[in-house]
Amino acid sequence: MSKRLYIETVGCQMNVLDSEMVVADLKQHGYELVATPKEADTLLFNTCSVREHAEEKIYSALGKLRQTKERNPDKTIGVMGCMAQKDQKLIFQRAPFVDLIVGPGQLQQIPTLLENIAAGKGRQLAVSLGRKAGSQDTIRRSHETFDPLRDPSMRPTPFQAYLRIQIGCDKFCTYCVVPMTRGPEQGRNPAQIVAEAQILADQGCVEITLLGQTVNSYRHTDEEGTVTRLSDLLRQLSEIEGIRRLKFVTSYPKDMTEELLETIRDLPKCSTYLHVPAQSGSDEQLKRMKRGYTVADYMEMMERIERILPEASISSDFIVGFCGETEEDFQKTIDLVRRCRFKNSFIFKYSVRPGTKASERLEDDVPEDVKNRRNNELLDVQNEISAEDNLKFIGQTVEILVEGPSKRGQKQPEESPLVQMMGRTICDRIVVYDGNRRQAGEFLPIEVTDVSSTTLVGRVKTVHSGPELFQLQTLDR
Ligand code: SAH
Ligand code: SF4
Ligand code: F3S
């Protein structure tokens, strides 16, 4: 039997990492990865449920496969990830030609489930327990993942990798489906995390991004009662030779402690980019969202960051049009964005998620056109701030890790000597410059000559003396 695998991934970094592991696993079972659904005999969709739109896109992609499956009944079609966990059997009803449904906690079973299908055992389904479907321990274990398997060719670049340190979420924000799809919050064993980081470093990774839904709430207690927090982990991971940058996403405002910020300040490998979603600038809305902090708490956190890490760049997420959001509430969000001057913000229109507290108890009462308007208005304010704040980089030299050709560079002819390359500073600013493809994976000093709201434009600065280079490395911190 030929084993040609096509995989499509949507959603957050967790899903990107999960797909990498599934591909690594299936390659060990003789599968080869192909680039298009046409060439494949096994098609997997790694799905997201965070907004309705994300799910609709998957259902419509699945719908397009109906005829393909009729013509080629031997093709196997699988749905994995958060939507598999959330919709479970419903997916078989909406797309009866699907063969396989696997939740994020059952990914290690995929090779066996595919074998069962090939052996004629019919459709297969494996998902985790619901949040109230058993003892805490069995629920927890049903959501565990199998992280050591890696496949460098599946990464955004071979020298950058994600590393999960935390599974699930216990915050239960009223709008959010993640605690249901990813299960209870669990800090992974630090010894395992360090061992995996070492493997990544041995494979040539220079940058590791630690993943967790509320990554700065990371906590692990061993049998002797020793507690490891994110700051302890960062210290341990910093020791690994070969790793030059450590990032972590996503942070929860209430757990951005003084101790963590001081650790970041004292560890040169730690990125000074903090993604700490505020979600709203109105106390009434934060309460309805059950975010667990007030605007004053958030501003206090901002002051703490400013005091300990003045060079940090901060980004946020916002939901506009959440239940009960008045024009006044929305103005308070605009005010918060103006006061915090985020590097960038991800803005989402509220989308009702079945199974959440908000879907049961609050009315989705902001009309779609108002959500659209607020979305655009907030985006305009943020873009204006980003463009203004980027101006201060003109004339500065920043150190970047070159990731590869930019979008424009990818369209330039393969043989052209100069292509537009893209990289990031330690505080996650995107930088483009004219260079060559071989520079991917290098750390280069770039003198910034122009900026937009999203990008710094520059040229490679040639440096000769050692001390000067040392200075450059600290400039953008
Ligand atoms: N764990 C992260 C975010 C996970 S989801 C955190 O708590 O910060 C990513 C973002 O999607 C959230 O920050 C939120 O802004 C948005 N989001 C989550 N549920 C949503 C919903 N029902 N409708 C619209 N946006 C939502
Ligand atoms: Fe969802 Fe809130 Fe958990 Fe983030 S902290 S994943 S928004 S429940
Ligand atoms: Fe989506 Fe699941 Fe991530 S719902 S945002 S893929 S944790």
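Here the structure is a predicted model, which means the values were calculated and not measured.

Procedures and definitions
Residues numbered from 1 in each chain as written. Chains lettered and ligands numbered in written order. Predicted model: local features only at pLDDT ≥ 70, side-chain atom pairs only at ≥ 80, totals over all residues. Heavy atoms only, no water. Helix = DSSP H or I, 4+ residues; strand = E, 2+ residues; numbered from the N terminus. Rg over C-alpha atoms; globule rule 2.2 N^0.38 Å. Buried < 20%, exposed > 50% of the residue type's maximum accessible area, 1.4 Å probe, protein only. Contact = heavy atoms within 4.5 Å. Areas by Shrake-Rupley, 256 points an atom, 1.4 Å probe, with all protein chains shown as cover. Pairing = 2+ DSSP bridges. Domains from an automatic or database assignment. Axes fitted to C-alpha atoms, helices over the stretch in contact; angles between N-to-C directions. Parallel < 35°, antiparallel > 145°, perpendicular 65-115°, else oblique. Nonpolar A, V, L, I, M, F, W, Y, C, P; charged D, E, K, R; others polar. Salt bridge = Lys/Arg side-chain N within 4 Å of Asp/Glu carboxyl O. UniProt positions renumbered as here; feature names shortened; annotations may be inferred. Near = heavy atom within 4 Å. Polar contact = N/O pair within 3.5 Å; in protein donor to acceptor, adjacent residues only side chain to side chain. Disulfide = S-S within 2.5 Å. Right-handed = clockwise from strand over helix to strand, strands pointing away. pLDDT = per-residue confidence, 0-100. Phe/Tyr/Trp six-rings, centres within 6.5 Å; stacked < 30°, edge-to-face > 60°. Lys NZ or Arg CZ within 6 Å of the ring centre and 35° of its normal.

1. Description of the overall build of the protein
Summing up its helical and strand segments, the protein has 18 helices and 21 strands in all. Against the compact-globule benchmark of 23 Å for 477 residues, the protein has a radius of gyration of 23 Å, which places it among compact chains. For the protein, the C-alpha atoms occupy an extent of roughly 65 × 55 × 55 Å along the three principal directions. Here the protein holds 477 residues, and the buried ones make up 53% of them. In the protein, of all internal contacts separated by at least 6 residues, the share reaching a separation of at least 24 is 72%. Carbon together with sulfur atoms contributes 49% to the accessible area of the protein, which is approximately 21400 Å² in total.

2. Some details on the pairing of strand E7 (residues 160–164)
Here E7 lies mainly inside the structure; 5 of its 5 residues are buried. Two strands pair when backbone bridges link them, and E7 and strand E10 (residues 207–211) are joined in this way by 5 bridges, in the parallel orientation. Looking at E10, one finds that tyrosine 162 is bridged to threonine 209.

3. Section: the domain arrangement of the protein
For the protein, the assigned domains read domain 1 (4–139) and domain 2 (394–475). Each of domain 1 and domain 2 has a C-alpha centre, and the two are 38 Å apart.

4. A word on the packing of helix H1 (residues 13–28) against helix H6 (residues 110–118)
At a minimum axis separation of 9 Å, H1 and H6 run at an interaxial angle of 55°. Classified by the angle their axes make, H1 and H6 are oblique. Between H1 and H6, the contacting residues are Val22, Asp25 and Leu26 on the first element and Ile110, Pro111 and Leu114 on the second. Taken together, the residues of the contact of H1 with H6 break down into 5 nonpolar, no polar and 1 charged.

5. Thoughts on the pattern of salt bridges
Throughout the structure, instances matching the rule amount to 39 salt bridges. Where glutamate 56 meets arginine 94, a salt bridge forms, and the shortest distance between an N and an O atom there is 3.6 Å. Here arginine 94 lies in helix H5 (residues 90–94) and glutamate 56 lies in helix H2 (residues 52–63), a separation of 38 residues in the sequence. Between aspartate 170 and arginine 131 there is a salt bridge, and its shortest N-O distance comes to 2.7 Å. In this pair, aspartate 170 sits in the loop between strand E8 (166–167) and helix H8 (178–182) while arginine 131 sits in the loop between strand E6 (124–126) and helix H7 (136–142), placing the two residues 39 residues apart along the sequence. Each of the salt bridges in this network shares a partner with another, and the network as a whole consists of Glu207, Arg245, Lys247, Lys343, Glu403, Arg424 and Asp428.

6. Concerning the sheet that holds strand E19 (residues 430–435)
Note on sheets: strands pair through backbone hydrogen bonds, and any given pair is parallel or antiparallel. Here we have 5 strands rolled up into a closed barrel, ordered E17-E18-E19-E21-E20, and mixed in their pairing. Sheet twist, expressed as the mean angle between neighbouring strand axes with direction ignored, is 55°. In this structure, strand E18 (residues 419–424) lies alongside E19, joined through 6 bridges in antiparallel fashion. Bridging from a neighbouring strand, glutamine 420 pairs with aspartate 434 of E19.

7. As for the UniProt feature "domain: TRAM" (unreviewed entry) in the protein
UniProt's feature table lists "domain: TRAM" (unreviewed entry) at residues 391–462, given in the numbering used throughout. With 7% helix and 50% strand, the stretch residues 391–462 has end C-alpha atoms that lie 22 Å from each other.

8. Looking at the site of ligand 1
Ligand 1 sits among 15 residues. The nearest are Tyr175, Gln213, Gln279, Asp317 and Ser351. Take tyrosine 175: an N or O atom from its main chain is 3.1 Å from a nitrogen atom of ligand 1. Residue serine 351 places a main-chain N or O atom 2.8 Å away from a nitrogen atom belonging to ligand 1. If ligand 1 stood free it would expose 540 Å²; the protein chains cover 90% of that surface.

9. Here's the deal with the state of the cysteines
Scanning all chains against the criterion turns up 0 disulfides. Among the cysteines around cysteine 340, which has no disulfide bond, cysteine 427 carries the closest sulfur, lying 17 Å off. Exposure remark for cysteine 340: the relative accessible area of 8% places this residue in the buried category.

10. Focus: the UniProt feature "binding site: [4Fe-4S] cluster 2" (unreviewed entry) in the protein
Under the UniProt annotation, the feature "binding site: [4Fe-4S] cluster 2" (unreviewed entry) is placed at Cys169, Cys173 and Cys176. Mapped onto the fold, cysteine 169 is located in the loop between E8 and H8. The exposure class assigned to cysteine 169 is buried, which follows from its relative accessible area of 8%. Non-local contacts of cysteine 169, meaning those with residues more than four positions away in its chain, are made with Arg131, Val178, Pro179, Gly183, Pro184, Glu185, Gln213 and Thr214.

11. Regarding the sheet that holds strand E1 (residues 4–9)
Strand order across the open sheet formed by 6 strands is E2-E1-E3-E4-E5-E6, with parallel pairing between neighbours. Edge positions in the open sheet fall to strand E2 (32–33) and E6, since each of these has one partner strand only. Across 5 bridges, the pairing between E1 and strand E3 (residues 42–47) is parallel. The partner of glutamate 8 across the bridge, within E3, is phenylalanine 45. Sheet contacts for H1: E1, E2, E3 and strand E4 (76–81); angle to E1, the most-contacted strand, approximately 175°.

12. Observations regarding the pairing of E1
Relative to E2, E1 runs parallel, the two being bridged by 2 bridges. Considered in E2, the bridge of arginine 4 is made with glutamate 32. With H1 bridging E1 and the parallel E2, this β-α-β connection has right-handed handedness.

13. Considerations on the confidence of the model for the protein
Within the protein, residue pLDDT values average 94, and 97% of them lie at 70 or more. Of the regions scoring below 50 in pLDDT, residues 468–477 engages in 24 contacts with residues more than four places distant in sequence or in other chains.

14. So, the packing of aromatic side chains
Tallied over the full model, the rule gives 6 aromatic pairs. Judged by centre distance (6.2 Å) and plane angle (40°), the rings of tyrosine 293 and tyrosine 298 are tilted. Just as tyrosine 293 is buried, tyrosine 298 falls in that class too. An aromatic cluster is present here, built from Tyr252, Tyr293, Tyr298, Phe318 and Phe342 joined pairwise through their rings. Just above the ring of tyrosine 252 sits the side chain of lysine 171; from NZ or CZ to the centre is 4.7 Å. Directly above the aromatic system of phenylalanine 443 lies the positively charged group of arginine 244, at a separation of 3.8 Å from the ring centroid.

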